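Single-letter residue listing:
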Amino acid sequence: MPTPTYTPLANITLGSSASSVTFSNIPNTYRDLILITDIDITAQTNGYVMVRVNGDTGSNYTEVFMSSLGPTSQSNTRTFFYNDYGVDVTGRAIRIYQFMDYAVTDKHKTVLGRSSMGASANGAVTAAAFRWASTSAITSIAFTRNAGNFNSGSTFALYGVIA
Amino acid sequence: MQLIESKTLGSAQASIEFTNIPQTFTDLYLVTSVRSAGASSTDNVRIQINGATSGHNSRVLYGTGSGVGSTSDSNTSNFPFIYSGGTNFTSNTFNNASAYFPNYSGSTTKSMSSDSVMENNGTEAFQSIQAGLFNSTDAISSIKIYFAAANIAQYSSASLYGITKGSDGTTTVS
């Protein structure tokens, strides 16, 4: 019998608006993590979703992304993972994060990101690659916004992938 | 991740369709390997949800092998899925794509995130990523895959998987 490839670890559906969502106590027994979010927001001026790991607020997050808005491509160093170019639009959008080798302690962490906001007015699709400049195992992942909350009904689901 | 159904065409057909999709999972994941049976140049594979002839909105970012571009559609009968060559493209090569539908059985509008690549031994070979929004609160019960202007070629295949969220009893979220 085939073994399921996504092992569910934790999930939350917001019953009311919230300013943050944090996954903690992530076990180190998987190879990769897949985090699938279906987030409903009300757009803010220059608003975006910020993702941080292990509570790190330092300038340890680098990115390269391409977006249908433009279209354009950019590279930056930030204090968080940024997967929101053209996607901070009122309504629901998918943001998917794949954390590769998240539990190893001999390399910086690579993350692949996708964000998809299909509304034809101001929506966008973006693909990104990130690096967290730390050899620490990832034990927590936190979502916040620089302005505004996550609306009720937003979902966040974390899965582990076995090597 | 659990396989719901897999289909392979024994002959060219107008479409591949998954119907009566069980509502027991959290998300859906669709994987396809298709080729056009038509003789025309690039054609588009489409996805239609629940047989709806409107309500599909999309944003696409694509590369052609020699350039890049983006497109958008509003309130149409389908999502663009794959830019696919016809019989004039390299033989025995099929185009690959995947699409993810979170919360497909819920009571909110339905989002889609997909990737696709056209296979061709030549300069023209499209790659694309897509964002889709199906502007309906109905659960997704059927998914139809079809070409805009031709049948789907023999040996094309599609597989639909279900993914269920849960908890391991150790990881916490708040």
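Conventions and cut-offs
- Residues numbered from 1 in each chain as written.
- Chains lettered and ligands numbered in written order.
- Predicted model: local features only at pLDDT ≥ 70, side-chain atom pairs only at ≥ 80, totals over all residues.
- Heavy atoms only, no water.
- Helix = DSSP H or I, 4+ residues; strand = E, 2+ residues; numbered from the N terminus.
- Rg over C-alpha atoms; globule rule 2.2 N^0.38 Å.
- Pairing = 2+ DSSP bridges.
- Axes fitted to C-alpha atoms, helices over the stretch in contact; angles between N-to-C directions.
- Contact = heavy atoms within 4.5 Å.
- Buried area = accessible area lost by both parts, 1.4 Å probe.
- Salt bridge = Lys/Arg side-chain N within 4 Å of Asp/Glu carboxyl O.
- Polar contact = N/O pair within 3.5 Å; in protein donor to acceptor, adjacent residues only side chain to side chain.
- Core = buried A, V, L, I, M, F, W, Y, C linked by side-chain atoms within 4.5 Å.
- Buried < 20%, exposed > 50% of the residue type's maximum accessible area, 1.4 Å probe, protein only.

A look at the overall build of chain B
And then number 1: Tallying secondary structure elements over chain B gives 0 helices and 13 strands in all.
And then number 2: The N-to-C order of helical and strand elements in chain B reads β-β-β-β-β-β-β-β-β-β-β-β-β.
And then number 3: Against the compact-globule benchmark of 16 Å for 174 residues, chain B has a radius of gyration of 16 Å, which places it among compact chains.
And then number 4: With respect to the three principal axes, the spread of C-alpha positions in chain B is 50 × 35 × 35 Å.

Considering the sheet that holds strand β9 (residues 110–117) of chain B
Residues and elements named next belong to chain B.
And then number 1: Taken together, the 8 strands give an open sheet; going across it, the order is β1-β12-β3-β8-β9-β10-β5-β6, and neighbouring strands pair in antiparallel fashion. Both outer strands of the open sheet, β1 (2–8) and β6 (68–76), are each paired with one neighbouring strand and no more. Adjacent strand axes in the sheet meet at a mean angle of 15°, parallel and antiparallel pairs treated alike.
And then number 2: One ladder, built from 7 bridges, connects strand β3 (residues 27–34) with strand β8 (residues 95–101); its direction is antiparallel. By the bridge assignment, S33 is partnered in β8 with N96.

Things to note about the interface of chain B and chain A
And then number 1: Contact with chain B, which involves 38 residues of that partner, is made by 41 residues of chain A.
And then number 2: Both faces combined, the contact of chain B with chain A buries some 3200 Å², and carbon together with sulfur accounts for 57% of it.
And then number 3: For the chain B face of the interface with chain A, the top three residues by lost area are B:M1, B:R59 and B:V173, together amounting to 20%.
And then number 4: The tally of links from chain B across to chain A stands at 1 salt bridge.
And then number 5: In this structure, the salt-bridge partner of A:R114 is B:D115, at a minimum N-O distance of 2.5 Å.
And then number 6: On inspection of chain B and its partner chain A, the count reaches 17 residue pairs in polar contact (both at pLDDT 80 or more).

Describing the sheet that holds strand β7 (residues 79–84) of chain B
Residue and element names in this part refer to chain B.
And then number 1: With antiparallel pairing, 4 strands are arranged side by side in an open sheet as β2-β11-β4-β7. If you trace the sheet from one side to the other, it starts and ends with β2 (15–18) and β7, each paired once. Pairs of neighbouring strands in the sheet enclose a mean axial angle of 15°, with direction left out of account.
And then number 2: Looking at chain direction, strand β4 (residues 43–49) and β7 are connected through 5 bridges and run antiparallel. Each residue of the ladder has a partner; that of R46, found in β7, is P80.

Overview of the nonpolar core
And then number 1: With 36 residues, the main nonpolar core has A:F81, A:F99, A:I141, A:F143, A:F150 and A:F156 as its most contacted residues.
And then number 2: When residues no more than four places from it in sequence are discounted, the contact partners of A:F156 are A:A10, A:N11, A:I12, A:L14, A:V21, A:F23, A:I36, A:T37, A:I39, A:F143 and A:F150.
And then number 3: Within the second largest apolar cluster, 28 residues are counted, among which are B:F25, B:L30, B:I47 and B:F101.

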